[in-house]
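In case you want the letters, here they are:
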Amino acid sequence: MTDRIDRREFIKTTVGAAAGALVAAHLPAGAAEPQAEASQGAERIFRGGSIVTMDDARKEVQAVAIAGGKILAAGDEAEVMKTRTDATQVVDLGGKTLMPSFVDAHGHFMNAPQIVKWANVSGPPVGPVTKIADIVTVLQDHVKKQGIKKGDWIIGYGYDRSNLAEGRELLASELDPAFPDNPVMLIHSSNHGAVLNSAAFKAVGYDENTPTPPGGIINRVEGSNKPAGFLMETAFLPIFGNMPQPSERELLDTLHEAQQIYAAAGVTTCQEGATHAKDLAFLRKAADQGLLYLDIVSLPFILEVPALVREYAPDFTGKPNDIPDEAPQAFGSYRNRLKLQGIKFTLDGSPQGKTAFWSKPLLTPGPGGEENWRGQPLFPPVQVTAALAQVYAKGIQVFAHCNGDASIDMMIDGARAAGVKADEDRRTVIIHSQFQRPDQLEAYAELGFSPSYFTVHVFYWGEEHVANTGIERASFISPMKSAAAKGLVCSNHSDFSVTPMDPMRMMWSAVVRTTRTGRVLGPDERIDRWESLKALTTNAAWQIREEDRKGKIAPGMLADLVILDANPLTVETDRILGIKAVETFKEGKSVYKRQPA
Amino acid sequence: MGQAMDLPFTVIGGYLGAGKTTLLNHLLTNTAGMRLAVLVNDFGSVNIDIDLIQSHDGETLSLANGCMCCSLVNGFAQAIGEIEKRAGAFDHLVIEASGVALPAKIAQYGQMYRLPLDGILVVVDAEQVRTQAENRYVGDTVLRQLAQADLLILNKTDLVPSEDLESLRAWLAGLAPGTPLIESVRSEVPLEVLLGARGDCGKGRGPAPEQQGQDHAHADHNHVGTYRTWTLERATPLTRAELEGLAAGLGSDIYRAKGFVHLAEDPDRRQVYQQVGARWSLEPGAAWGASSGHTQLVVIGRAGAATPEVLDRLMASAMPLASVA
């Protein structure tokens, strides 16, 4: 595909402003960016703290000047101060740390508008709940804050018995006194179950006569057939599927709060990493209405491509799964802060759900109690190979979700069949890439695959992985050190909202690789702090072809910046987790400012 | 969620290319008056005669013969929702599992909406299945699919020499012991074998009075000698033990049995009996009312199959209808 960003940046930096008209001619309407006008001097200069550039050539500088949404100068303070004019605001960092804001390497932005309407009933570190009473308090606060009216649903997420001091499932009768008139649903951390209160059972029509469906769980009140509160799997999924959905307007109204989840964590580029047609319509509307102030990178889901073609290319007469020749033009450039960057393939499920696809069986039974379970591919290999051939032939970037080594093998087969080579610079991103085998790193290098790892998995589910796959396989999860040694560009992600948007925890986990019990899982794969931060900044930018504008502090780069209250390169390791964003800037404009406690 | 729909459903599984979609197209164009709701993974592959399509609205396709085709692209819940909107408009729901799906898992999805499961049909590519079973990616999935079938449809038998077919049958019998096997070409299997006849044996609906007669079991050969049908009619009530014996004893030459039963333990109302392969169910139906209680079952099996012993025995133990009245 034509790499618009690279070409644009190339022209800008080598030919200069005179080429502006030429550049504009190459760009679709609305994609033009603010120009840094050196002659006008700095709008703002940051100094007086640690300034971490994420630039290997010069890791720290004394001062940074910004203008027109870009970095104007970065270097020694005396030199940067030359850009100062009477209008320049000089910001004293007061010993805090300025660095490039973070690029979300993979997550699901469309979960954010939903989640801001829900109460967080997770246990630490995701949420505040350690006992049943905490849940009631969190829900009461939520009702107040959200102005939830009598009769409306109260929804919480992250419920998990393992966080409760009581060590048992929450009962409907423990929610009923505080919430007699509101149906309450607390979704289990696996998203496969929930606790309901009595009003909710009434609303969904579950009572003592409701049979437990095959493959489902309905806990009953002792000595009766009355549902007790907790439901799982097939007893829960239809309820969840039939929940009243927020209107488009309601969702649009949440977008500020939704973006604040990212901005408050110092993230200014968000990923919508498996976009359905209706979500894309929503995001386009949000963009057109000017509601986006962070960049959103959308990856349409491969199964949605026929629907998207029907919608956006109604005159196309190709076969059902064909992609029009013009389709690549829809990718690679922002329009009102929304861009499509590539097509998302999903080859398997999740390792913690045992639905990832491995080449060797797990040591524990499958999700349905199966023996010799190694998971399954989501699609037959021939279909994956055919769809990959089609997308590669059109020059559209491929983002493939592969968790188990067998799904990675399928991806390698598919790319080889399509004739893909590393020197074509296609930047195929293998999302998660968690249980890859050492021998597969060679294939990544050969095919130009770039892994986006998920190191916080070591913390959240590391012990489960040891139990399911054994210590050897589990220790090689998200092998960042080995991948970097092969020259692979690695990013790191949180898969929001599977885990919270928390770059400091991502960074920390890649550095320490400790599980919840403190075990170091795969000590050889630990990386240093600098590389760990690169995975969240410049490497993540590279994967979406924005390394020439994001992820580093250097002249000409976007002024996407974050001020942190401590320097993640120098604090004690355990203190990394406590580092907070103080202020976040998107192209020089403040988009988040921490309220003093 | 409160009210469960009374809509029996069938899962059609089988690996990619086995002939699931051909089977669906075949069903949708030979419905014999049955109104089918069909959930498919991918609209692109459903190749329905354009003349039959009445309307196309997003993810649903309405057909002139009363059938509806609904894509699963937005998830199972939404597709079921589309069907619930038109509750009562359909006689049977057919769910196409994806090529790598485990059909028993899909059956659970239907059951979680409290729909009665009629059966799991797994279509097998006679030419490819043994190669597929050895594929490093999908071999274990293919084997699991076979083991989860209530009925196996061995398709594309015309592409396989008869001696290979013989060893294939034995191989399948080893992987799915006792599961009846229907052989087909181009997925052409009659609807009454796959889904049962249109609801005339359904809850509360008895046969026309003139069909009542003496106890007998008669056999018909139909469909150019591919299938054999037995009709069991008897006035003597069946005990639950006898019925369980019947269900367990039909054997792997019998594909399906359907009808209503006069049950000794619950003699005042009909019991609706359904069997596909080894999977069977008995659900209480409407009261006999004016008509006298009697059992009527239609059993469909392989052409040339012997009458199952259990059927013979039930006939022998029955008293003539006249002496009961």
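Everything numeric in this text was worked out from a predicted model, so none of it was measured.

J.: What is the right way to read the overall build of chain B from this model?
T.: Check the secondary structure of chain B and you find 10 helices and 15 strands. For chain B, buried positions account for 46% of its 325 residues. Partitioning the intrachain contacts of chain B with sequence separation of at least 6 by distance along the chain shows that 73% fall at a separation of at least 24.

J.: Sorry, what's going on with the overall build of chain A here?
T.: Counting its secondary structure elements, chain A contains 20 helices and 23 strands. With respect to the three principal axes, the spread of C-alpha positions in chain A is 80 × 55 × 55 Å. Within chain A, buried positions represent 50% of all 597 residues.

J.: Could you clarify how one ought to interpret the sheet that holds strand β8 (residues 154-159) of chain A in this entry?
T.: Two modes of strand pairing occur in sheets, parallel and antiparallel, and in both the strands are linked by backbone hydrogen bonds. Residues and elements named next belong to chain A. Spatially, 6 strands are ordered β7-β8-β9-β10-β12-β11 in an open sheet, and the strand pairing comes out mixed. Two strands lie at the open edges of the sheet, namely β7 (119-120) and β11 (216-220), each paired on one side alone. Pairing between strand β10 (residues 193-196) and strand β12 (residues 227-233): 3 bridges, direction antiparallel. Opposite Gly193, over in β12, you have Met232 as the bridge partner.

J.: Before we go on, may I ask you to explain the confidence of the model for chain B in this structure?
T.: Residues and elements named next belong to chain B. Across chain B, the average pLDDT comes to 84, with 85% of residues at or above 70. Residue range residues 320-325 is modelled with pLDDT below 50. Its contacts to residues more than four positions away, or to other chains, number 11 contacts. Model confidence for the complex: the whole-complex pTM is 0.88, and ipTM, which rates the interface, is 0.83.

J.: How do you make sense of the confidence of the model for chain A when you look at a structure like this?
T.: Confidence in the prediction for chain A averages 92 pLDDT; 93% of positions are at 70 or higher. This model gives residues 1-34 of chain A a pLDDT under 50, and the stretch forms 39 contacts once residues within four places in sequence are excluded.

J.: Any chance you could explain the domain arrangement of chain B here in plain terms?
T.: Interfaces are frequently sized by the accessible area removed from exposure as the parts join. Residue and element names in this part refer to chain B. Here chain B is partitioned into domain 1 (9-194) and domain 2 (209-320). Centre-to-centre, using C-alpha coordinates, domain 1 lies 26 Å away from domain 2. Elements that contribute at least two residues to the side of domain 1 that touches domain 2 include exactly β7 (117-125) and α7 (191-194). Residues of the side of domain 1 that touches domain 2, tallied by class, amount to 6 nonpolar, 3 polar and 3 charged.

J.: Would you take a moment to explain the sheet that holds strand β14 (residues 295-300) of chain A for this structure?
T.: Residue and element names in this part refer to chain A. Spatially, the 4 strands line up as an open sheet ordered β6-β13-β14-β15, and their pairing is parallel. Two strands bound the open sheet, and with one partner strand each, they are β6 (102-103) and β15 (338-340). Relative to β15, β14 runs parallel, the two sharing 3 bridges. Each bridged residue has a counterpart across the sheet, and for Val297 the counterpart in β15 is Lys339.

J.: What is the right way to look at the environment of B:Gln145 in this model?
T.: Residues and elements named next belong to chain B. Relative to the elements of secondary structure, Gln145 occurs in helix α5 (residues 139-147). On the basis of neighbour count, Gln145 is assigned to the buried category, with 31 C-beta atoms found within 10 Å. Residues Gln145 and Val123, spaced 22 residues apart in sequence, show a C-alpha to C-alpha distance of 9.4 Å. In this view, Gln145 contacts Gly13, Gly14, Tyr15, Leu102, Pro103 and Val122; residues no more than four positions away in its chain are not counted.

J.: Please explain the nonpolar core as it appears in this structure.
T.: Soluble globular proteins tend to pack their nonpolar side chains together in the buried interior. Of all hydrophobic cores here, the largest spans 257 residues; its most connected members are A:Val64, A:Ala65, B:Val38, B:Val124 and B:Leu152. With residues up to four places along the chain from it excluded, the contact list for A:Val64 reads A:Ile45, A:Phe46, A:Ile51, A:Ile71, A:Ala74, A:Val80, A:Leu98 and A:Ile553.

J.: Please explain the interface of chain A and chain B as it appears in this structure.
T.: Across the contact, 27 residues belong to chain A and 18 residues belong to chain B. Those elements that provide at least two residues to the side of chain A that touches chain B are α8 (237-241), α13 (381-393) and α14 (405-417) of chain A. It is α8(A) that contributes the most residues to the side of chain A that touches chain B, 4 residues altogether. When its residues are assigned to classes, the side of chain A that touches chain B shows 18 nonpolar, 9 polar and no charged.

J.: I'm lost on the packing of α13(A) against α14(A) in this one. Help?
T.: Axes are the key here: two packed helices are described by the angle between their axes and the distance separating the axes. Residues and elements named next belong to chain A. Following both chains from N to C, one finds α13 and α14 inclined at 45°, their axes separated by 9 Å at the closest point. Relative to α14, the element α13 lies oblique. Note that α13 runs across α14; the crossing there is right-handed. On α14, the residues touching Pro381, Val384, Thr385, Leu388 and Ala389 of α13 are Met410, Asp413, Gly414, Ala415 and Ala417. For the contact of α13 with α14, the per-class residue count stands at 7 nonpolar, 2 polar and 1 charged.

J.: Where do I start with the pairing of strand β16 (residues 342-346) of chain A in this structure?
T.: Every other side chain in a regular strand lies on the same face of the sheet, so the side chains alternate between the two faces. Residue and element names in this part refer to chain A. Summarising burial for β16: 5 of the 5 residues are buried, a large majority. With 5 bridges connecting them, β16 and strand β17 (residues 397-402) associate as parallel partners. Pairing of Lys344 across the sheet is with Phe399, part of β17. On the question of chirality, the crossover connecting β16 to the parallel β17 by way of α13 is right-handed.

J.: I keep staring at the domain arrangement of chain A and nothing clicks. Help me out?
T.: Residues and elements named next belong to chain A. Split by domain assignment, chain A resolves into domain 1 (33-91 + 552-597), domain 2 (118-241) and domain 3 (249-550). Each of domain 1 and domain 3 has a C-alpha centre, and the two are 29 Å apart. Contact residues are listed per partner, giving 18 residues for domain 1 and 22 residues for domain 3. When contributions to the side of domain 1 that touches domain 3 are tallied by element, the ones reaching two or more residues are β21 (561-564), β22 (581-586) and β23 (589-593). Ranked by the residues each element gives to the side of domain 1 that touches domain 3, the list is headed by β22, at 3 residues. Here the residues of the side of domain 1 that touches domain 3 are counted per class, giving 13 nonpolar, 2 polar and 3 charged.

J.: Help me out: how do you make sense of unusual backbone geometry in this one?
T.: Generally, phi is negative for residues other than glycine and the peptide bonds are trans, each holding for most cases. Residue and element names in this part refer to chain A. At the junction of Pro124 and Pro125, the peptide bond is cis and its omega measures out at 5° in the coordinates. Residue position: Pro125 is located in the loop between β7 and α5 (132-146). Backbone torsion omega between Phe496 and Ser497 reads 10°, so that peptide bond is classified as cis. Relative to the helices and strands, Ser497 resides in the loop between β20 (491-492) and α18 (503-512). Look at Arg337: it is not a glycine, yet its phi comes out positive at around 80°. Along the polypeptide, Arg337 turns up in the loop between α12 (305-312) and β15. For Arg337, a count of 21 C-beta atoms within 10 Å translates into the label buried.

Here is what the cut-offs are and how they apply
Residues numbered from 1 in each chain as written. Chains lettered and ligands numbered in written order. Predicted model: local features only at pLDDT ≥ 70, side-chain atom pairs only at ≥ 80, totals over all residues. Helix = DSSP H or I, 4+ residues; strand = E, 2+ residues; numbered from the N terminus. Buried ≥ 20, exposed ≤ 12 C-beta atoms within 10 Å, placed from the backbone. Contact = placed C-beta atoms within 7 Å. Pairing = 2+ DSSP bridges. pLDDT = per-residue confidence, 0-100. Domains from an automatic or database assignment. Nonpolar A, V, L, I, M, F, W, Y, C, P; charged D, E, K, R; others polar. Core = buried A, V, L, I, M, F, W, Y, C linked by C-beta atoms within 7 Å. Axes fitted to C-alpha atoms, helices over the stretch in contact; angles between N-to-C directions. Parallel < 35°, antiparallel > 145°, perpendicular 65-115°, else oblique. Left-handed = near helix turned anticlockwise from the far one by under 90°. Right-handed = clockwise from strand over helix to strand, strands pointing away.

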